[in-house]
Amino acid sequence: MDGNGRWAASRGLPRAAGHKAGAEAVTRCLRAARANGVDYLTLYAFSSENWRREPSEVADLTGLLKFYLRHKVSELHQEQVKIRFVGEVGRFGADLCAEMARAEALTAGNTGLTLLLALSYGGRSDIVQAAQALARAAQRGELDPGLIDETMVSRHLLTAGVPDPDVIVRTSGEHRLSNFLLWQSAYAELVFLETLWPDFDGDCFARVLDIYGRRERRFGARPA
């Protein structure tokens, strides 16, 4: 979800206003996903690299996250949305971690759309922590390194138990993955939109579905 800052700058507003507008776009995206029968939606809300931003902007982002966790989770719970967080969430501090744990516990039994929020997430660090977990298991004698395969690695990623994404969308005209779900996106369809994230709405979601629907997914095989 990219373009909050540019959206705000084009209107002569502070970056915080862009992040607030971006949070409102999340609600529209969720609504569109549920209306179209999407089972899993992952939002790259805060990357591991975002910690390099100005402390004031990081504070704005984390404050906005805390507000939505406190005031929007009950609404998502009523809509049967299951919430899950992936990333180095401990870096956000005890208070925010407690809010995230509460959100996951409250919605754990829900059977509707599963919403994954990637916070302090990095695709490379995800792969590294999976490799470390497998190495520790081998060191303890619980695992034969020769038996490690792709399925085993996937089970140790932060997204374990979640299907790999069918399509990854990048907004605001950027054309790169920016360290997002690197392992999981091996065969995902990539869609790049010029739309700035705060302007993302149901029509944008429909456009993504249309683009995806016209793609031919071969997974390395020849067309039938």
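Residues numbered from 1 in each chain as written. Predicted model: local features only at pLDDT ≥ 70, side-chain atom pairs only at ≥ 80, totals over all residues. Heavy atoms only, no water.

Caption draft 1: Representation of the pairing of strand β3 (residues 114–121). Buried residues dominate β3, accounting for eight of its eight residues. Taken together, the seven bridges between strand β1 (residues 40–47) and β3 define a ladder with parallel strand orientation. The partner of Leu41 across the bridge, within β3, is Leu115. Here strand β2 (residues 82–86) runs beside β3; their pairing, made up of five bridges, is parallel. In the sheet register, Phe85 faces β3, and the bridge partner there is Leu117. (Buried < 20%, exposed > 50% of the residue type's maximum accessible area, 1.4 Å probe, protein only. Helix = DSSP H or I, 4+ residues; strand = E, 2+ residues; numbered from the N terminus. Pairing = 2+ DSSP bridges.)

Caption draft 2: Focus on the sheet that holds β2. One open sheet accounts for three strands, arranged β1-β3-β2; its pairing is parallel. What marks the edges here is a single partner per strand, and that holds for β1 and β2. Averaged over all pairs of adjacent strands, the angle between their axes in this sheet comes to 20°, without regard to strand direction. Contacts from helix α5 (residues 94–107) reach β2 and β3, with the element oriented near 140° to β2. (Axes fitted to C-alpha atoms, helices over the stretch in contact; angles between N-to-C directions. Contact = heavy atoms within 4.5 Å.)

Caption draft 3: Just the pattern of salt bridges, in detail. Applying the stated rule across the entire model yields 15 salt bridges. Residues Glu57 and Arg15 are paired through a salt bridge, measuring 3.0 Å at the closest nitrogen-oxygen approach. Of the two residues, Glu57 sits in helix α3 (residues 55–71) while Arg15 sits in helix α2 (residues 15–35), which places them 42 residues apart along the sequence. Of the residues examined, Glu57 reaches a relative accessible area of 10% and is grouped as buried. In this structure Arg15 comes out as partly exposed when scored by relative accessible area, which is 40%. In this structure, Asp166 engages Arg217 in a salt bridge whose closest nitrogen and oxygen atoms are separated by 2.9 Å. One end of the pair, Asp166, is in the loop between α7 (150–155) and β4 (167–170); the other, Arg217, is in the segment after α8 (202–213), and 51 residues separate them in sequence. Of the residues examined, Asp166 reaches a relative accessible area of 42% and is grouped as partly exposed. It is possible to trace a salt-bridge network through shared partners that takes in Asp2, Arg6, Arg170, Glu174 and Arg176. (Salt bridge = Lys/Arg side-chain N within 4 Å of Asp/Glu carboxyl O.)

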